[in-house]
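Secondary and tertiary structure notes
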Amino acid sequence: MDKGVWVFIEQRDGEVQKVSLELLGKGRQLADQLETKVTALIMGDNVASKAQELIYCGADEVIIAEDPLLKIYMTEPYTKVMSELIEEKNPDIVLIGASSIGRDLAPRVSARVYTGLTADCTSLEIDEETKSLLMTRPAFGGNIMATIICPDHRPQMSTVRPGVMVEMEMDTTRKGEIVKVKPKLSNDDINIEILEIVKEKKQKVKIEEAGVLISGGRGLGKAEGFESLKLLATELGGLVSGSRAVVDAGWLDRDYQVGQTGKTVRPEVYFACGISGAIQHVAGMEESEFIIAINKNPEAPIFEVADVGVVGDVNKVIPALIEELKTLKD
Ligand code: FAD
């Protein structure tokens, strides 16, 4: 049996998605602990040119499944090819990004190969004793973190949200094996026809990729409170984001929400402005490198995860900070 850790490499228009590189980084760590190899599985049409980059980013082996029918993601052909490869090669672990494609593909593959799937994991570790994969995710509305194992079936499958794991630094001296497989696909495997792809016009903001995030909560008092956060973001070259409370209040678009039901972020600096620090919010930002919290309540839970805490009125502290930054620049 081949075993090993597999990472599904999601490509769109031939571009490898960031979440897949993050999972390669995590897959590398897990494989090193298990003393096994990391395999990157990429499906598509004319995607072979991506193989070398995947090796530089942590893969020991790249399986390329190319077919014109795999050019654009479709549930059935992707599920068929991936399930058959898993059944043939028996990986121990399979990691998939919890993107819209991954969320569609992973449960189908897991059902077809008759194993379990832990969705939306926030942490993946190896049990020292049993060598099982410990898959941790928020449960019961985020009130507890549940660690799930899959002891009786293989592979152990997990999806992980974008931004949770960290990419390995690219190492161009890494060597690996590239294996091409010919998928057994015919038009009978296609149960839908894609007539047209209409791309969303709106330029989606990627708060997951910002180095600095200025996040606002209900403590701002009103939607206009975000104006000074935007000014601070401009000063620091960052983006604004927020808690679910401000999204629900209509002060901020859902694309900017941080937390369990929003985005997971890990910027270099995260400002939590008038945010209480509910567990569901903290789950999405606690891995930030440096956290600055501003809250008028010294008992606010956000201070438990903050590196620097300012007890004060956010609507006074932020303008004062902007002034100070401007003075430093002059
Ligand atoms: P509040 O909890 O109301 O906190 C406001 C804070 O501002 C307080 O700490 C207060 O002391 C402070 N404050 C008030 N006035 C000022 C001032 N003038 N200056 C400084 N500080 C001030 N939440 C998320 O954020 N993201 C999620 O993804 C998410 N997912 C959820 C999923 C589920 C299943 C559930 C049940 C909840 C989820 N929540 C999520 C909601 C979460 O539980 C909290 O309700 C929410 O995070 C609270 O937002 P907040 O901190 O902005 O508001």
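The structure this text deals with has already been given above.
Residues numbered from 1 in each chain as written. Predicted model: local features only at pLDDT ≥ 70, side-chain atom pairs only at ≥ 80, totals over all residues. Heavy atoms only, no water.

What to know about the pairing of strand 16 (residues 290-295)
By the criterion of burial, strand 16 is predominantly enclosed, with five of the six residues buried. For strand 15 (residues 269-273) and strand 16, the ladder comprises five bridges, and the chain directions are parallel. By the bridge assignment for strand 16, Tyr270 is matched with Ile291. Pairing geometry for strand 16 and strand 17 (residues 308-311), over four bridges, is parallel. Looking across to strand 17, one finds that Ile294 is bridged to Val310. (Buried < 20%, exposed > 50% of the residue type's maximum accessible area, 1.4 Å probe, protein only. Helix = DSSP H or I, 4+ residues; strand = E, 2+ residues; numbered from the N terminus. Pairing = 2+ DSSP bridges.)

What to know about the pattern of salt bridges
On inspection of all chains with the given rule, the structure shows 23 salt bridges. Among the salt bridges present, the one from Lys18 reaches Glu22, with a minimum N-O distance of 3.0 Å. On the criterion of helical spacing, the pair formed by Lys18 and Glu22 is a turn pair, its members being four residues apart in helix 1 (residues 18-34). Linking Asp120 and Arg161 is a salt bridge whose minimum nitrogen-to-oxygen distance equals 3.8 Å. Linking Asp120 in strand 7 (residues 117-121) with Arg161 in the loop between strand 11 (156-160) and strand 12 (177-181), this pair joins segments that are 41 residues apart in sequence. (Salt bridge = Lys/Arg side-chain N within 4 Å of Asp/Glu carboxyl O.)

Topic: the sheet that holds strand 10 (residues 144-148)
Taken together, the three strands give an open sheet; going across it, the order is 8-9-10, and neighbouring strands pair in antiparallel fashion. Only two strands of the sheet have a single neighbouring strand rather than two, namely strand 8 (123-126) and strand 10. Taken over all neighbouring pairs, the strand axes of this sheet differ in orientation by 25° on average, direction set aside. Where strand 8 lies against strand 9 (residues 133-139), four bridges are found, and the strand directions are antiparallel. By the bridge assignment for strand 9, Ser123 is matched with Thr136. In the packing of helix 1 onto the sheet, contacts are made with strand 8 and strand 9, and the angle to strand 8 comes to roughly 15°. (Axes fitted to C-alpha atoms, helices over the stretch in contact; angles between N-to-C directions. Contact = heavy atoms within 4.5 Å.)

Considering the sheet that holds strand 6 (residues 93-97)
The strands making up a sheet associate through hydrogen bonds between their backbones, and the pairing can be parallel or antiparallel. Read from one edge of the open sheet, seven strands run 7-11-6-1-4-5-12, paired in parallel fashion. Only two strands of the sheet have a single partner each, and these edge strands are strand 7 and strand 12. Neighbour-to-neighbour, the strand axes of the sheet open up by a mean angle of 20°, direction not taken into account. Bridge analysis of strand 1 (residues 5-9) against strand 4 (residues 38-44) gives five bridges, and the strand direction is parallel. For Ile9, the partnering residue across the bridge sits in strand 4 and is Ile42. Relative to strand 11, helix 4 (residues 100-112) is tilted by about 170°, and along the sheet it contacts strand 1, strand 6, strand 7 and strand 11.

Structural notes on helix 9 (residues 314-329)
Over its 16 residues, helix 9 runs 22 Å from end to end, which matches the ideal 22 Å to within 8%, given 1.5 Å per residue. If you check which residues of helix 9 are buried, you get Val314, Ile318 and Ile322. Buried positions in helix 9, seen along its axis, are confined to an arc of 70° and lie on one side of it. In helix 9, the exposed residues that point more than 90 degrees away from the buried face are Lys316, Glu323 and Thr327. (Expected span 1.5 Å × (residues − 1). Arc of directions from axis to C-beta.)

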